[in-house]
Amino acid sequence: MFGPIFRNARRAKRLTGVQLAKMAGCTQSAISQFEGGKRTALSRDTIEKICEILEIEMPAELADETPQGAAPASGATTSMAPSPLTRREPFCPNAGCLSNVPYVVDGALAFMPRRQPDAGATYCPWCGEVLLRECPQCEAPATRTAFCPSCGAKRIEPPEGVADPVAWAEARRAEIAAVERLI
Ligand SMILES: [Zn+2]
Ligand SMILES: [Zn+2]
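Cut-offs and rules
- Residues numbered from 1 in each chain as written.
- Chains lettered and ligands numbered in written order.
- Predicted model: local features only at pLDDT ≥ 70, side-chain atom pairs only at ≥ 80, totals over all residues.
- Helix = DSSP H or I, 4+ residues; strand = E, 2+ residues; numbered from the N terminus.
- Buried ≥ 20, exposed ≤ 12 C-beta atoms within 10 Å, placed from the backbone.
- Contact = placed C-beta atoms within 7 Å.
- pLDDT = per-residue confidence, 0-100.
- Pairing = 2+ DSSP bridges.
- Arc of directions from axis to C-beta.

Let's talk about the environment of valine 104
Along the chain, the position of valine 104 falls in strand β1 (residues 100–105). Classification of valine 104 as partly exposed rests on a count of 16 C-beta atoms within 10 Å. For the pair valine 104 and glutamate 170, spaced 66 residues apart in sequence, the C-alpha to C-alpha distance is 9.4 Å. Beyond its immediate sequence surroundings of up to four residues, valine 104 is in contact with Leu109, Pro165, Val166 and Ala169.

A word on the confidence of the model for the protein
Residues at a pLDDT of 70 or more form 87% of the protein, whose mean pLDDT is 84. Scored below 50 in pLDDT, residues 66–86 makes 12 contacts in the model with residues more than four places away or belonging to other chains.

Let's talk about the pairing of β1
Relative to strand β2 (residues 108–113), β1 runs antiparallel, the two being bridged by 6 bridges. Looking at the pairing, asparagine 100 lines up with proline 113 of β2. What sits between β1 and β2 in their antiparallel hairpin is a turn of 2 residues, with aspartate 106 showing a positive phi close to 55°.

As for helix α2 (residues 17–24)
Every α-helical turn comprises 3.6 residues, leaving residues that sit three or four positions apart pointing alike. Those residues of α2 not exposed but buried are Leu20, Ala21 and Ala24. Projection of α2 onto a plane perpendicular to its axis shows the buried side chains occupying an angular sector of 100°, all on one side. Just downstream of α2, glycine 25 is the residue with a positive phi angle, here 75°.

Right, here's the structure in full:
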């Protein structure tokens, strides 16, 4: 399903539907229909533009709709994919993901992202979330640290409503260790 791919990528970029609509030159309601699975809500050109903005590849199920034979000239979106991004350390922004190891600093949860096995990947191999390559706060290239060295922001936002961060972090680390033993 392409809808969730676009919705997740948009959220990973911290864009609202209104902001994305403005950047892509369409309406917010068209974006929300498209993210809901209605592929005809947006023109082919607009979908390509959105892929560029969100830095994702055209999902195969949409790419199939390309008129046969009319291909490469307009294929700019696919060829501009990974190169400058792969130098950064991508991280998964999902606090619930097993690629992020929690610990407690000053009584609050922080997460140390583990190295992603494929630096060029779009999605986290553990949880499927869209990987980030920049600090969501200051846009500095991501590093594999719990805090952004440029602005100090937490790499990964902790989940809400954790009553006992120490116990929560311990339980999660045990879970991560258990999964690693299975691999
Ligand atoms: Zn993940
Ligand atoms: Zn930052």
